[in-house]
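A closer look at the structure
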Amino acid sequence: MLTDRTAAPQATPLSGPLLDAYLDQAEALVEGEEDEEEETPQQEGAAAQAQRTEALARMLGQQVLQPASLEVLYRIHSLWMQAGQPAMALQAIDTHAAALLQDLPPAERHDAQVGTGFSRTQALRSLPDQVPQLHQALEGMAQLLAQPPLQHQSDDAWEHLAGQAERSQHYGVWRRSVQARHALQVVQPGRAAFRAWDDAVLATRMAEARAAEGDAAQAQQLVQQAMDHLRHAADGQDVDHNDWLKLGERLVVLDPSSIDTIAQQVPQRMPADLSRPRQRDVSVRRARLHAKALHRQGQLDAAIAQGLQGRFGLTDDQDDSFSALVLDWLVQAGRLDAAARLAYECISSERPTSAGHACRVALAQLAEHGTAGRPLHIYWHLALASAATIDGTEWAAHPQEPQAFAQHHLQEACKMDPAHPAIAAQQGLKRFEDGDHAGALPLLESAAREPFMAAPDVLQALWVCRAKVHGIAKALQRPFPASPAAGWCYNIGVWLDFSFQEACGIDDGDWPERDVDALKARYYEAAVVHFDGFFATGEGWFRDADVHVYSMLCNNLGIYYRWALKDYDKAIDLHHKGLATSPFAEHHNGLMSCYEAAERKPEFIAAADRLWHYALDHGYGRHDPTEYFKGVCHALYGLDRDNEIAIWLQRLDEWWVGLDQEDQAENEEDYLSTLLVMLRDLAWSQPADALARLERDMPRTLASPLPGMRRVAGNVLEYAGQYERAMALYQESLKRVRPGEPDDQEQAGYARENMDRCKKAMRAKNPWWKVW
């Protein structure tokens, strides 16, 4: 039945390509009417959104839509839902799904029934007067998902049903879905070592369902069961501190007193050799759990104290939602000065989740200030002024124009403290964006003296302004503007490396690369100090806790020490720190390069072996064996470990076979040259093996136009004692030399040296009385 927002449809049904085109227009109506600035929902406003959905509903209601496939039916269903017409979406499914399902092959029918069934429940959930029908549909979905044999059931489908049942308050289906998912895990042989974890998760999810039903006693009992599964896990079960921390997020919500057990188990389950950065990461996560438990127990001040210990940005955080939580607690406790400062920090740093939440809190404080007549803390004004100038939070100014809104709140802040460094920072950044470098410079210099303001945006603008006003050479001689936060220092170092020159608009010939590299390293070194200080004490700034940033910092600084300073020991130490904190392949590559450059051959070979295995196990997009396999074989030869060269030859072939045709074509030259060099090293001790492999690849070698290919192939033959064939290849190599090609000229020199050596070997081989 059509709603009053849809027009009477035309009688002739739309189907096939005409229907596809019509739906394309409907989707364009939803997606294409946004203006060039891509306004956020907050900016757009409820009235504008209502107009858009009403226009879509009107368009869909003008035609009878006759889908010929489930894909088209799903498009129609989705558009009706976007148009705010769930009744029409439900009608589309009920009208067309059965016939379309009947047309499918039997093997495809069950999955399609699941898809159309979930489309029905989605529409029913949006119809408040259809709760009995919704619960009946959810019951039907539970029966449908249980039809296939257990091993063929879908974990994703059961999870989706559990979520729908939870939101629809159908507790029976919710529990059945949870139990079905657990049953699926039990029959997976690969999960045998995770049985304790799976059992603990089942108990936790059942506890959540019981708590939602209002059965607090049963929920608490199930929480205890969940912890017992982990606490008393049998030998061989994979249970560690991370399991307690992950499950703890749900347990403390159900039973705040569970924090005592969690706090006891986490340190007991931590590996003895866990690095200090990783230990601090755990302590931050544990502080968050303590804070949440204390807040649920009504201990607000204690929750805030723990929350401040947990309010650091971690590698695994998807957003900064914990800061938003702490902000709410500060407001709840009436600690508005601290709340205002935190709100400003979240907004000015543009942190996901907490920035938007801080805007809403600041606006609420502004509204309350207007009615209560109490003074508003300066940081609320600064927070709102900052929000209006940042993409993503400028909606806070609505309905005012953002710049006018920002200027108003900046003026209010000036009345309270005209010398506040945040005011200088915002004014300086505004002038910098307008191209007024001379006017921005003193303001940015002033702001950067305050540690709280020495963030990347301020210091980057400061360095550019210095270069524009004083010239790059004098700019680099100006006093070093320090930053107190490890993550900020790392950010500035990366920017100096990759973006500073472009921002200054200076050509390569006039760019003091070594001096800028030294400045970059100074920020990196400061970042290491700040990180290490935080890991040791737990005291620091928001971005001092990200262990992966720390690991990337160690890699970048290690590269600088290796290339610029030739200080291999310092570089090696940094790469080991990074691997112990957040391992990735570049550290193994860096260690290998350090050991090779330092001529520490056994360690170089071992590092190369670790890199090879790490790339196999974890992937490494820039992994190129042709860059280091030659060096490995040279080192093996120098250590009289020639017998191991065959292992690396096999690895080279494994890598080559794993490439697709396009990559093989691109890497053909490097692969072949690497192979020949490795065979040369092998030929001294295993000439037969080297010759057998060379013969196999000789056609490819002779097909190469590069003189070096023939020359190195000649080396293999020479070292294997086949001097005549070697001499022939050396001579052919010289014929391939191209005039004016430096590489070819170098190869020609090598070829002549090789020929002289080969002639001497041939003379030494023959008796003195032979005259040839």
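Residues numbered from 1 in each chain as written. Predicted model: local features only at pLDDT ≥ 70, side-chain atom pairs only at ≥ 80, totals over all residues. Heavy atoms only, no water.

1. Quick look at the overall build of the chain
Within the chain one finds 37 helices and two strands. On C-alpha atoms alone, the chain measures out to a radius of gyration of 34 Å, which is more than a quarter above the 28 Å that the 2.2 N^0.38 rule sets for 772 residues. Based on the C-alpha atoms only, the size of the chain along its principal axes is roughly 115 × 75 × 65 Å. Classification of the 772 residues of the chain by burial places 48% in the buried group. Long-range contacts, defined as pairs at least 24 residues apart, comprise 64% of the intrachain contacts of the chain with a sequence gap of at least 6. With an accessible surface of roughly 37,600 Å², the chain has 49% of that area assigned to carbon and sulfur atoms. The chain carries 73 positive and 110 negative side-chain charges, and their two centres are separated by 6 Å. (Helix = DSSP H or I, 4+ residues; strand = E, 2+ residues; numbered from the N terminus. Rg over C-alpha atoms; globule rule 2.2 N^0.38 Å. Buried < 20%, exposed > 50% of the residue type's maximum accessible area, 1.4 Å probe, protein only. Contact = heavy atoms within 4.5 Å. Areas by Shrake-Rupley, 256 points an atom, 1.4 Å probe, with all protein chains shown as cover. Lys, Arg positive; Asp, Glu negative; His and termini not counted. Charge placed at Lys NZ, Arg CZ, Asp CG, Glu CD.)

2. What to know about the packing of aromatic side chains
Under the definition given, this model contains 24 aromatic pairs. Aromatic pair Trp-488 and Trp-541: ring centres 5.8 Å apart, planes at 50 degrees, arrangement tilted. With Trp-488 in helix α24 (residues 486-498) and Trp-541 in the loop between α26 (513-537) and α27 (547-565), this pair connects stretches of sequence that are 53 residues apart. For Trp-541, a relative accessible area of 28% corresponds to the partly exposed category. (Phe/Tyr/Trp six-rings, centres within 6.5 Å; stacked < 30°, edge-to-face > 60°.)

3. Things to note about the nonpolar core
Counting residues in hydrophobic clusters, the biggest one holds 155 residues, and the most contacted among them are Leu-382, Phe-500, Tyr-628 and Trp-648. Sort the elements by how many residues they give to this core and α26 lands first, with eleven residues. Contacts of Leu-382, omitting those with residues within four sequence positions, involve Tyr-344, Leu-410, Ala-413, His-420, Ala-422, Ile-423 and Gln-426. Counting 78 residues, the second-largest nonpolar core is a separate cluster that includes Ala-57, Ala-92, Ala-157 and Val-223. (Core = buried A, V, L, I, M, F, W, Y, C linked by side-chain atoms within 4.5 Å.)

4. A few points about the packing of helix α1 (residues 16-31) against helix α3 (residues 70-82)
Running from amino to carboxyl end, α1 crosses α3 at an angle of 30 degrees, the nearest separation of the two axes being 11 Å. In terms of orientation, α1 lies roughly parallel with respect to α3. For the pair α1 and α3, the crossing hand works out as left-handed. Residues Leu-19, Asp-20, Leu-23, Asp-24, Ala-26, Glu-27 and Val-30 of α1 form the contact with α3, whose participating residues are Val-72, Arg-75, Ile-76, Leu-79 and Gln-82. (Axes fitted to C-alpha atoms, helices over the stretch in contact; angles between N-to-C directions. Parallel < 35°, antiparallel > 145°, perpendicular 65-115°, else oblique. Left-handed = near helix turned anticlockwise from the far one by under 90°.)

5. Some points on the environment of Gln-82
As for its placement among the helices and strands, Gln-82 is situated in helix α3. Gln-82 sits 28 residues away from Glu-54 along the chain, and the two C-alpha atoms are 9.9 Å apart. Setting aside residues up to four positions removed in sequence, Gln-82 forms contacts with Val-30, Thr-53 and Leu-56.

6. Remarks on unusual backbone geometry
In this chain, His-398 is followed by Pro-399 through a cis amide linkage whose omega measures 5 degrees. For Pro-399, the location among the structural elements is in the loop between α18 (378-387) and α19 (402-416). Its identity as a non-glycine residue notwithstanding, Gln-169 has a phi of 60 degrees, on the positive side. Its place among the elements puts Gln-169 in the loop between α7 (155-168) and α8 (171-186).

7. Notes on a nonpolar patch on the surface
Where nonpolar side chains cluster on the molecular surface, the patch consists of Leu-150, Val-186 and Val-187 and spans about 200 Å² of accessible area. Among the secondary structure elements, Val-187 is positioned in the loop between α8 and α9 (195-213). (Patch = residues over 30% accessible without salt bridge, like charges linked within 9 Å, V, L, I, M, F, W, Y side chains within 5 Å. Salt bridge = Lys/Arg side-chain N within 4 Å of Asp/Glu carboxyl O.)

8. Concerning the pattern of salt bridges
Here the structure, examined in full by the defined rule, presents 37 salt bridges. With a shortest N-O distance of 3.4 Å, Glu-213 and Arg-210 are connected by a salt bridge. With a gap of three residues between them, Glu-213 and Arg-210 both fall in helix α9, about one helical turn apart. Overall, the relative accessible area of 35% leaves Glu-213 in the partly exposed class. Of the charged contacts, one joins Arg-311 and Glu-345 as a salt bridge, the two residues approaching to 3.3 Å between their closest N and O atoms. Highlighted residues: Arg-311 in the loop between α14 (300-310) and α15 (321-332) and Glu-345 in helix α16 (residues 336-348), separated in sequence by 34 residues. The same class applies to Arg-311 and to Glu-345, which are both buried.

9. Brief notes about the confidence of the model for the chain
Per-residue confidence for the chain averages 94 on the pLDDT scale, and 95% of its residues sit at or above 70. pLDDT under 50 marks residues 1-5. Its contacts with residues more than four places away, or in other chains, come to twelve contacts. A low-confidence stretch, residues 33-43 (pLDDT under 50), is modelled with eleven contacts involving residues beyond four sequence positions or located in other chains. (pLDDT = per-residue confidence, 0-100.)

10. Observations regarding helix α13 (residues 276-296)
Spanning 21 residues, α13 covers 31 Å between terminal C-alpha atoms, matching the ideal 30 Å at 1.5 Å per step. Residue Gly-298 follows α13 closely and has a positive phi angle near 85 degrees. (Expected span 1.5 Å × (residues − 1).)

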